[in-house]
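Listed below, chain by chain, are the residues.
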Number of protein chains: 4
Amino acid sequence: MTAPFILVNYKTYLESTGQRGHRIATAARDVAAESGVTIGVAPAYMDIHPISRHFEIPVYAQHVDWVLPGASTGHVTAEALHQAGAIGSLVNHSERRLTLADIEASIRALREKKMVAVVCTNNEPVSAAAAALNPDYIAIEPPELIGSGVSVSKANPDIISRSVEVVRRVYPAAKILAGAGIQSGECVKIARDLGCDGVLLASSVIKAKNPALVLRDLVSPF
Amino acid sequence: MTAPFILVNYKTYLESTGQRGHRIATAARDVAAESGVTIGVAPAYMDIHPISRHFEIPVYAQHVDWVLPGASTGHVTAEALHQAGAIGSLVNHSERRLTLADIEASIRALREKKMVAVVCTNNEPVSAAAAALNPDYIAIEPPELIGSGVSVSKANPDIISRSVEVVRRVYPAAKILAGAGIQSGECVKIARDLGCDGVLLASSVIKAKNPALVLRDLVSPF
Amino acid sequence: MTAPFILVNYKTYLESTGQRGHRIATAARDVAAESGVTIGVAPAYMDIHPISRHFEIPVYAQHVDWVLPGASTGHVTAEALHQAGAIGSLVNHSERRLTLADIEASIRALREKKMVAVVCTNNEPVSAAAAALNPDYIAIEPPELIGSGVSVSKANPDIISRSVEVVRRVYPAAKILAGAGIQSGECVKIARDLGCDGVLLASSVIKAKNPALVLRDLVSPF
Amino acid sequence: MTAPFILVNYKTYLESTGQRGHRIATAARDVAAESGVTIGVAPAYMDIHPISRHFEIPVYAQHVDWVLPGASTGHVTAEALHQAGAIGSLVNHSERRLTLADIEASIRALREKKMVAVVCTNNEPVSAAAAALNPDYIAIEPPELIGSGVSVSKANPDIISRSVEVVRRVYPAAKILAGAGIQSGECVKIARDLGCDGVLLASSVIKAKNPALVLRDLVSPF
C-alpha cells in the first residue's frame, strides 16, 4: 500500500501559534524523514513565511481569497501566499465556507500559481459538485464527525466510501482526503482502504502533548 | 420547437414592488394565456402570497435560506415559501451568492417540499458543479452580460453553448435557462437554438412602460 | 406604571408559519384589546401582507436590507416592507447580524419611510454604539440568556440595567426592550423596573400550546 | 503643529506583496528617521513577521477576526498577530466590513493584547457609533472619496470636520485619521487643520514609482 498524505491543519489553536507552531513543524519533518510519508502543515498566515523558510515540508494556507488585485484589504491572495512559501491552500473548510463562485475562482487562482487546491466538502452531492471543479484534492469532512471524538473510519465508513465513489465518477484524477475524525494509524489505514489518498486532521496532533508521538502512530501502518 | 419557459425576476425594482407587481403579473398571465408559453414571476417575498392568490401563474421566490427550523430570524424557509404559494425559488443568484454547502442544502430543502430549484451559475465549471447537485433548473448568467445591455445570444453564444454542454454531460435531466442579456424574442429563439429550455430575465420586462408588449415580443417566435 | 410594549418575534418556527401565524396574531389582538397593552408581531416576510391586512396590530419585519433599488435579488427593502403593511423592522437580530455600516443604512432607510427601527444588541459597548445611531428602539439581548431558559430579569439584572444606563446616556430618546429570557409577567415587570420600555420575545409565546394564555400572563402586572 | 501619524495600507497590491513590501517599509523607515514623523505599515498577513523582524517601524494587520480560539480555520487572531510582531490592526475597513458585534469584539481582543485598534467608518453616525466603542483610532473614509482621485481635504472638508466633531463629543480620547483621498503634504496639512491626528492611505504610496518621494511630500509640512 502506498503511503498516505497527511495534512495537519493548525487552525487558530494557541498550541500551534507562533513559536509553538515550529514545534509541530519539527515533529512533522522528523516523522516524515523517518517514515517516508509526506506530512504537510497548514499554519496561520503569519507563520507561513517563517515555517516555509525553516523547514523543507509542504506548507499550505488555511484559506485563500479570490479578490481583484489591489483594492482589497485584509484578504489573502494566491500570489502573496506563493511568495510567502505556501505550495497550496485549503479551500472552503467547514469553518470558512465560500460561495460556489468563490470556490471555483480560488481553485483557478491557485492553479495559475501552480499551487495545490484542497477543497473541503461535507456530503456526497457537495463532494460531486466540488469534483466537477477539478481541484487537486477533495477533503471530505462529514459534519457528524467534525470534532466529535468519533473516528471517521470506525463510525460510518459508508459516508466516506460513498463520497469517494461519487468523486471518482465525476473527476477520476482527484486525490481524496478523509477530513474528520482521524485519530490513529488505524483510522488512516481504514481511510486508505476506503479509497482515500490521505487525511486532513487538526486537534489530535495540535493538542497532543507530544505531536511526534501522534504522527508516528498515524504513519505506523505504512 | 417547443415553447420556452420564461421566468421574470422582480428583483427590488420600485416598478415591481407591491401593487405595481400585480401589473406585471397581469401581463404575464395575459401573454401566457394568449401564447401558451409558461411565464413565471419571482416577486419580493412579501408579494408572493398576494400574487399567488390572485393569479394562476407559477410564483417563485428570489432566494431561500437553509436554516434550522425555529432559531432563525429574518430568514426564509422552503416551508414558509410553500405555504405562501411559491412553487419554487431561485438559488444562488449573482446578487445573492451562497456557499456551496448552502446551495446543496437549499436544493434539498426545496425538494422536500416538492418545489422547483433554479440554481444560477456564472461560468462553465460552476455550471458543472451546480449540475452535480441535480437541481431542476440551471440558469447561466455570464457576468460579462449581466446588466450590460448586450444580448447573451448575440454577444457570445459560445459561453452559453459550452455551459449547456457541460451541464448536459453532468446531469442530462437538468433544464437550462439563459440568465443574462435577454431582451427580445430573437434572443429567446437563439437561446433555444443553443440548447436552453428558457430564459431568466428582469429589467427588460420590469422597467418597460408596457410589460405585456415586451413579453409578447419574447414569446413571438413560438 | 405605564404599559410595556411587547414584540413577538415569529422567527421561522413551524408554529408561526402561514396559517398558524394568524393564530398567534389573533391572540395578540385579543390580549391587546383586553389589556390595553400594545402587542406587535414580527412574522415571516411572506406573512406580513396577510397579517397586516387581517389585523389592526403593529406588524414588524424581522430584518431589512439596505440595498440599492433595483439590482438586488432576494433582498428586502424598506419600501417593499412598507407597501406590504409593516410599520417597522428588527435590525441586527442576533440571528441576522449586520455590518455597522448596514445597520446605520437600514435605520436611515426605515426612517425615510417613517418606519420604526428596533436594533438588537448584545452587550454594553454595542448598546452604546447602537444608541449613537439614534434608532427608535434598542433591544438588548445578552447572549448568556438567549434561548437559555433563564429569565433575563432574574438571572443577572445588572446586564440589563448597565445597558439601559449607557443607552440613556448616549441617546436619551431611545426606547429600550429587554430581548432575551422573557417568560412571564414577572419578567416583564422586572424589565420595566430596570428601565426598559418593553420586551422582545419569541419561543415562550410561539411554542406555547395557548399563546393567549402566555400573553395574558405577560401583561398581567400592568 | 505636532507631527501626524501616517499609516500605509498595503492592501493586496502586487507592488506591496512579498519582497516588494520591504521596499515600501524601507522608504517608511527612512522618511520617518529623516522627519521624525511616525509612519506605520499594514502589509499582508504573511509579510507581518518578516517586516516586523527587519524594521523598527510600527506594523499593523489589515484585519483581525474575533473567533473562539482553536476551532477556526483561515481566521486571524489578535494573539497570532501579536506573536508575529504586529502592534495593532485595522478593523472594519471599507473592503472588509464587520458586524457591529464583531467590531466590538475585535477591539476588545486587541485591547487584551495591548494592541492598537484603528476602526474605519464611512459617515457621521457610523463614526459616532464607532467612537462609542472607545477604540484607539477612528479612520474616517467617506465613500465619495475612496479611490476617487479627489483629495478628502479639498473636496469637501465638511465631511471630515463634522465627523471629527461627533467623534470628539462621544469619545474625546479617540485619535482620528482621515482615511480617503490623501495624496500630498497639503492634504495631510488640511486633515490636521480639520482636527485629524493623521492619515490612512494606500495607493498613492504603494503604486508610486518612488514611495520615499511621496512619503517625503506627505510629511513636508511638519
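Engineer: Any details on the overall build of chain A? Residues and values, ideally.
Structural biologist: Each helix and strand in chain A was counted, giving ten helices and eight strands. The C-alpha radius of gyration of chain A comes to 16 Å, within 12% of the 17 Å expected for a compact globule of 222 residues. By its C-alpha atoms, chain A is 45 × 40 × 30 Å across when sized along the principal axes. Across chain A, every contact between residues at least 6 apart in sequence was considered, and the portion connecting residues at least 24 apart equals 65%. Total accessible area on chain A stands at roughly 8,000 Å², and carbon and sulfur atoms take up 50% of it.

Engineer: Hey, could you go over the pattern of salt bridges for me, with residue numbers and the actual values?
Structural biologist: All names here are of chain B. All chains considered together, the criterion is met by 40 salt bridges over all chains. Of the charged contacts, one joins arginine 216 and glutamate 34 as a salt bridge, the two residues approaching to 2.7 Å between their closest N and O atoms. With a gap of 182 residues between them, arginine 216 in helix α10 (residues 211–219) and glutamate 34 in helix α1 (residues 19–35) connect regions that are remote in the sequence. Between lysine 189 and aspartate 193 there is a salt bridge, with the nearest N and O atoms lying 3.1 Å from each other. With a gap of four residues between them, lysine 189 and aspartate 193 both fall in helix α8 (residues 185–193), about one helical turn apart.

Engineer: With reference to specific residues and values, describe the interface of chain C and chain B.
Structural biologist: In this complex, chain C contributes 34 residues to the contact, which on the side of chain B involves 34 residues. Across the interface of chain C and chain B, roughly 2,900 Å² is buried in total on both sides, 62% from carbon and sulfur atoms. For chain C, the biggest contributors to the area lost against chain B are Thr12(C), Met46(C) and Thr73(C); these three give 27% of the whole. Between the two partners, chain C and chain B, sit zero salt bridges. Taken together, the links from chain C to chain B amount to 16 residue pairs in polar contact (both at pLDDT 80 or more).

Engineer: Explain the packing of aromatic side chains to me, using residue names and the numbers behind them.
Structural biologist: With the rule as written, the count across this model stands at ten aromatic pairs over all chains. For the pair Phe5(B) and Tyr137(B), a centre-to-centre distance of 5.4 Å together with 45° between the ring planes defines the contact as tilted. In this pair, Phe5(B) sits in strand β1 (residues 5–9) while Tyr137(B) sits in strand β6 (residues 137–140), placing the two residues 132 residues apart along the sequence. Like Phe5(B), the residue Tyr137(B) is buried in the burial classification. By way of ring pairs, the aromatic residues Phe5(A), Tyr60(A) and Tyr137(A) are connected into one cluster.

Engineer: An account of the layout of surface pockets is requested, with residue identities and associated values reported.
Structural biologist: Over the atoms rolls a probe the size of a water molecule, and its path tells where empty space is left. What the largest pocket holds in volume is close to 1,800 Å³. Taken together, 50 residues line the largest pocket, and the ones lying closest to its centre are Arg97(A), Thr99(A), Arg97(B), Thr99(C) and Arg97(D). For the lining of the largest pocket, the secondary structure elements donating two or more residues are α4 (100–112) of chain A, α4 (100–112) of chain B, α4 (100–112) of chain C together with α4 (100–112) of chain D. Taken together, the residues that form the lining of the largest pocket break down as 15 nonpolar, 16 polar and 19 charged.

Engineer: Go over the relation of the copies chain C and chain B, please, and point to the residues and values.
Structural biologist: Note on the identical chains: chain C maps onto chain B by a rotation of 180° and an axial translation of 0.0 Å, with an RMSD of 0.0 Å. Given the turn and translation reported, the copies of this chain are related as if by a two-fold rotation axis. Among all C-alpha atoms of chain C, that of Met46(C) lies closest to the rotation axis, at 2.3 Å. When the interface residues of chain C are mapped onto chain B, 100% of them are again interface residues, pointing to one common binding face.

Engineer: Can you break down helix α5 (residues 124–131) of chain A residue by residue, with the values?
Structural biologist: In terms of burial, α5(A) is a largely internal element, six of the eight residues being buried. Buried positions along α5(A) lie against β5 (116–121), β6 (137–140) and α7 (157–170) of chain A together with α4 and α5 (124–131) of chain B. Two or three places before Val126(A), at the opening of α5(A), Asn123(A) has a side-chain oxygen 3.0 Å from that residue's backbone nitrogen.

Engineer: Tell me about the relation of the copies chain A and chain D, residues and numbers included.
Structural biologist: Note on the identical chains: chain A maps onto chain D by a rotation of 180° and an axial translation of 0.0 Å, with an RMSD of 0.0 Å. A high fraction, 100%, of the interface residues of chain A reappear at the interface in chain D, so the copies pair face to face through one surface.

Engineer: Give a detailed account of the confidence of the model for chain A, specifying residues and quantitative values.
Structural biologist: When the pLDDT values of chain A are averaged, the result is 94; 97% of them are 70 or greater. Taken together, the chains of this predicted complex give a pTM of 0.95 and an interface ipTM of 0.95.

Engineer: Talk me through the sheet that holds strand β8 (residues 198–201) of chain B; I want residue IDs and the actual numbers.
Structural biologist: Residue and element names in this part refer to chain B. Sheet architecture is open: eight strands sit in the order β2-β1-β8-β7-β6-β5-β4-β3, paired in parallel fashion. If you trace the sheet from one side to the other, it starts and ends with β2 (38–42) and β3 (60–61), each paired once. Of the strand pairs in this sheet, strand β5 (residues 116–121) and β6 are connected by four bridges, and their pairing is parallel. For valine 119, the partnering residue across the bridge sits in β6 and is isoleucine 138. Relative to β1, α10 is tilted by about 150°, and along the sheet it contacts β1, β2 and β8.

Engineer: Can you lay out the pairing of β2(B) for me, pointing to particular residues and giving the numbers?
Structural biologist: Walk down a regular strand and you will see the side chains alternate between the two sheet faces. Residue and element names in this part refer to chain B. Judged by how many residues are buried, β2 sits mostly within the fold: four of five residues are covered. Both β1 and β2 contribute to a ladder of five bridges, which runs parallel. Residue phenylalanine 5 lies in a different strand from β2, and its bridge partner there is threonine 38. Handedness of the β1-α1-β2 crossover: right-handed.

Engineer: With reference to specific residues and values, describe the interface of chain A and chain D.
Structural biologist: Contacts between the two partners involve 34 residues from chain A, matched on the other side by 34 residues from chain D. Carbon and sulfur atoms make up 62% of the area that chain A and chain D hide from each other, which totals about 2,900 Å². When the buried surface of chain A facing chain D is broken down by residue, Thr12(A), Met46(A) and Thr73(A) rank first, second and third, together holding 27% of it. Run the count over chain A and chain D and you get zero salt bridges. One can count 16 residue pairs in polar contact (both at pLDDT 80 or more) joining chain A with chain D. Of all the elements in the fold, those that place two or more residues in the side of chain A that touches chain D are α2 (45–54) and α3 (78–84) of chain A. Looking at the side of chain A that touches chain D residue by residue, the class counts come to 14 nonpolar, 16 polar and four charged.

Engineer: Provide a residue-level description of the side chain of Thr12(A), including the pertinent values.
Structural biologist: Within the fold, Thr12(A) resides in the loop between β1 (5–9) and α1 (19–35). Under the relative-accessibility criterion, Thr12(A) is labelled buried at 6%. One polar contact links Thr12(A) to Ser72(D), side chain to side chain, over a distance of 2.7 Å.

Engineer: I'd like a description of the side chain of Asn9(A), backed by residues and values.
Structural biologist: Its place among the elements puts Asn9(A) in strand β1. One polar contact links the side chain of Asn9(A) to the main-chain amide nitrogen of Lys11(A), over a distance of 2.9 Å. Within the structure, the side chain of Asn9(A) is placed 3.0 Å from the side chain of Thr73(D), a separation counted as a polar contact. Residue contacts for Asn9(A): discarding those within four places in its chain leaves Ala42(A), Gln62(A), Leu90(A), His93(A), Leu200(A), Leu201(A), Ala202(A), Ile206(A) and Thr73(D).

Engineer: Account for the packing of α4(C) against helix α5 (residues 124–131) of chain D, with residues named and values stated.
Structural biologist: Following both chains from N to C, one finds α4(C) and α5(D) inclined at 130°, their axes separated by 10 Å at the closest point. When the axis of α4(C) is compared with that of α5(D), the two are oblique. Seen along the crossing, α4(C) lies across α5(D) with a hand that is right-handed. For the pair α4(C) and α5(D), contact is made by Leu100(C), Ala101(C) and Glu104(C) and by Pro125(D), Val126(D), Ala129(D) and Ala130(D), respectively. A per-class count over the contact of α4(C) with α5(D) returns six nonpolar, no polar and one charged.

Engineer: Describe in detail the sheet that holds strand β7 (residues 175–178) of chain A, supporting the description with residues and values.
Structural biologist: On the basis of which strands lie adjacent, the open sheet formed by eight strands has the order β2-β1-β8-β7-β6-β5-β4-β3 (chain A) and parallel pairing. Of all the strands in the sheet, the pair left with one neighbour each is β2 (38–42) and β3 (60–61) of chain A.

Engineer: Outline the packing of α1(B) against helix α2 (residues 45–54) of chain B, supporting the account with residue identities and numerical values.
Structural biologist: Residues and elements named next belong to chain B. Orientation of α1 relative to α2, taken along the N-to-C sense of each, is 40°, at an axis distance of 10 Å. Considered as vectors, α1 and α2 are oriented oblique to each other. The two elements α1 and α2 cross, and the hand of that crossing is right-handed. Touching Gly21, His22 and Ala25 of α1 are Pro50, Ile51 and His54, all from α2. Counted by class, the contact of α1 with α2 contains three nonpolar, three polar and no charged residues.

Engineer: So what's going on with unusual backbone geometry? Which residues, and what values?
Structural biologist: All names here are of chain A. Look at asparagine 92: it is not a glycine, yet its phi comes out positive at around 70°. Topologically, asparagine 92 is positioned in the loop between β4 (88–91) and α4. Take asparagine 92: its relative accessible area is 2%, and that puts it in the buried class. A positive phi angle, close to 55°, is found at asparagine 134, a residue other than glycine.

About the criteria used
Residues numbered from 1 in each chain as written. Chains lettered and ligands numbered in written order. Predicted model: local features only at pLDDT ≥ 70, side-chain atom pairs only at ≥ 80, totals over all residues. Heavy atoms only, no water. Helix = DSSP H or I, 4+ residues; strand = E, 2+ residues; numbered from the N terminus. Rg over C-alpha atoms; globule rule 2.2 N^0.38 Å. Contact = heavy atoms within 4.5 Å. Areas by Shrake-Rupley, 256 points an atom, 1.4 Å probe, with all protein chains shown as cover. Salt bridge = Lys/Arg side-chain N within 4 Å of Asp/Glu carboxyl O. Buried area = accessible area lost by both parts, 1.4 Å probe. Polar contact = N/O pair within 3.5 Å; in protein donor to acceptor, adjacent residues only side chain to side chain. Phe/Tyr/Trp six-rings, centres within 6.5 Å; stacked < 30°, edge-to-face > 60°. Buried < 20%, exposed > 50% of the residue type's maximum accessible area, 1.4 Å probe, protein only. 1 Å grid on protein atoms, 1.4 Å probe; cavity = no way out; pocket = protein on both sides within 12 Å on 5 of 7 lines; lining within 4 Å. Points joined across faces, edges and corners; volume = space filled by probe spheres on them. Nonpolar A, V, L, I, M, F, W, Y, C, P; charged D, E, K, R; others polar. Least-squares fit on C-alpha atoms with pLDDT ≥ 70 in both. pLDDT = per-residue confidence, 0-100. Pairing = 2+ DSSP bridges. Axes fitted to C-alpha atoms, helices over the stretch in contact; angles between N-to-C directions. Right-handed = clockwise from strand over helix to strand, strands pointing away. Parallel < 35°, antiparallel > 145°, perpendicular 65-115°, else oblique. Left-handed = near helix turned anticlockwise from the far one by under 90°.

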